Amino acid sequence: MPDLLHQLHKGVFKDHLVKWCFDIMGEDEIDARFKTIPDYPGLQHFKKGISDIKQWTGTEHKEMQHVFMVLITSAVPSKVAIITWSILDFCYYAQLHTHTSESLDGLENALTVFHTNKDVLEELAVHEHFNIPKLHQLSHYVQSIKLFGAADGFNTELPECLHIDFAKDAYHASDKRDYEEQMMAKCSAQTEHGCEYNSDCDDENEEFVVPVVSQDIVHVLAKTPPHPQQSVQHLETIHGAIDFLPAFKSFLQKHFPHNRIMPGYQDNFDVFRQLVIILPPHPCVSESPKCLWVRATPEVLPSPSGWKPGSPA
């Protein structure tokens, strides 16, 4: 049966693809590229690289997948980049909650592209053979999805946190002697009284959840602007928005053609630090709305001592 966590995220991606790229590029180069990725809303920043991380979670695997294709670009041969693209493509298609004939074709095409180009790993002496059980299991994904439904229904990532409640916590609560019986007694007591869900072990961090009633795109701003009533000159000089006024006029003319009021240099504008765009849920991906954060950060000048470097706006 398909297992997204152990077969795809931890298996083919982390244990094989990432290892192959380590052998080709070197740990220092990959770590350096992870460190230089700038902070971006919604992306995890691996500030210390990834080579020294011993314990991985499913969320960290998926965060790596978001940037891994760009990370290895220009550092590996073109066929290795194609292999990386095909495996990531397979991972994203396999995670869909509902499938169509097009998405199943995408799964098969991604796997075909991988097998077509995998010989480059033998040429680079990265891997001797491809008799890998987890890699072979990918060839059965399409048939399993057609027979039993989407692969997320068999994903072991969902009950993974129960290892903490029923194994680790139960063992630590015992006296470490005949701990099996004590663990069973603790689990039975939890079952009788009802298990409390531990949100700390949930891999998905729902930092900002806003219910979407309709299928419209919703824009959310702070109730009070942190920088109210800023002049156009201030926006141009301090914030660097030298084309703000003509761009705003063009926007109004395009989206509000009947508007007769045009902004000028005499007007003031509120400045916000971030805008949240809430997109309606996509039935193939998730039942929850997707939130996009658009943040504006000011320029940070380097410290006088030179110890702390600056950063652009």
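Everything that follows concerns the structure shown earlier in this document.
For clarity, every value in this text was computed on a predicted model and none was experimentally measured. Along each chain, the written sequence defines residue order, and numbers are assigned to residues from 1. Whole-chain, interface and lining totals are the exception, using all residues; otherwise, since this is a predicted model, local features are given only for residues with pLDDT of at least 70 and side-chain atom pairs are given and counted only at 80 or more. In computing side-chain properties, one takes all heavy atoms of the structure into account and sets aside hydrogens as well as water.

Undergrad: What should I look at first to understand the overall build of the protein chain in this one?
TA: Looking only at helices and strands, the protein chain has 12 helices and five strands in total. Two residues form a contact once any of their heavy atoms are found within 4.5 Å. Taking contacts inside the protein chain between residues at least 6 apart in sequence as the whole, the part at least 24 apart equals 64%. Carbon together with sulfur atoms contributes 55% to the accessible area of the protein chain, which is approximately 20600 Å² in total. Numbering of helices and strands runs from the N terminus, with a helix taken as a DSSP run of H or I at least four residues long and a strand as a DSSP run of E at least two residues long. Using a 1.4 Å probe, the Shrake-Rupley method yields the accessible areas, and only the shown protein chains count as cover for residues.

Undergrad: Would you mind showing me how to read unusual backbone geometry here?
TA: A negative phi angle is the norm for most residues apart from glycine, just as the trans form is the norm for most peptide bonds. In this model, Ser74 sits at a positive phi of 75 degrees, which is unusual for a non-glycine residue. Position of Ser74 relative to the elements: it lies in the loop between α3 (58-72) and α4 (78-94). The phi torsion at Gln229 lies on the positive side, around 50 degrees, for a residue other than glycine.

Undergrad: Looking at this structure, how should I read the side chain of Gln137?
TA: Position of Gln137 relative to the elements: it lies in helix α7 (residues 133-137). Note on classification: 1.4 Å probe, protein chains only; a residue is buried when its accessible area is under 20% of the maximum for its type, exposed when over 50%, partly exposed between these limits. The exposure class of Gln137 is buried, given its relative accessible area of 19%. Residues within four places of Gln137 in sequence aside, it is in contact with Met1 and Gln7.

Undergrad: Honestly, α3 in this entry has me stumped. Any pointers?
TA: Because each turn of an α-helix spans 3.6 residues, side chains separated by three or four positions in sequence point in the same direction. A helix is expected to span 1.5 Å for every residue after the first. The end-to-end C-alpha distance of α3 is 21 Å, a good match for the 21 Å that 15 residues give at a rise of 1.5 Å each. The largest bend along α3 measures about 40 degrees and falls at His66. Burial runs high along α3: 12 of the 15 residues are buried. Taken residue by residue, α3 has Gly58, Thr59, Glu60, His61, Lys62, Glu63, Met64, Gln65, Val67, Phe68, Leu71 and Ile72 as its buried positions. The seven residues ending at a residue and the seven starting there each receive a fitted axis; the angle between those axes is the bend at that residue.

Undergrad: How should I be thinking about the pairing of strand β4 (residues 274-279) in this particular structure?
TA: Each regular strand displays side chains that alternate between the two surfaces of the sheet. At least two bridges found by DSSP between two strands is the condition for calling them paired. Across three bridges, the pairing between strand β1 (residues 218-220) and β4 is antiparallel. Its bridge partner being in β4, Val218 is matched across the sheet by Ile278. In terms of strand pairing, β4 meets strand β5 (residues 290-295) through six bridges, oriented antiparallel. Looking at β5, one finds that Leu275 is bridged to Val294.

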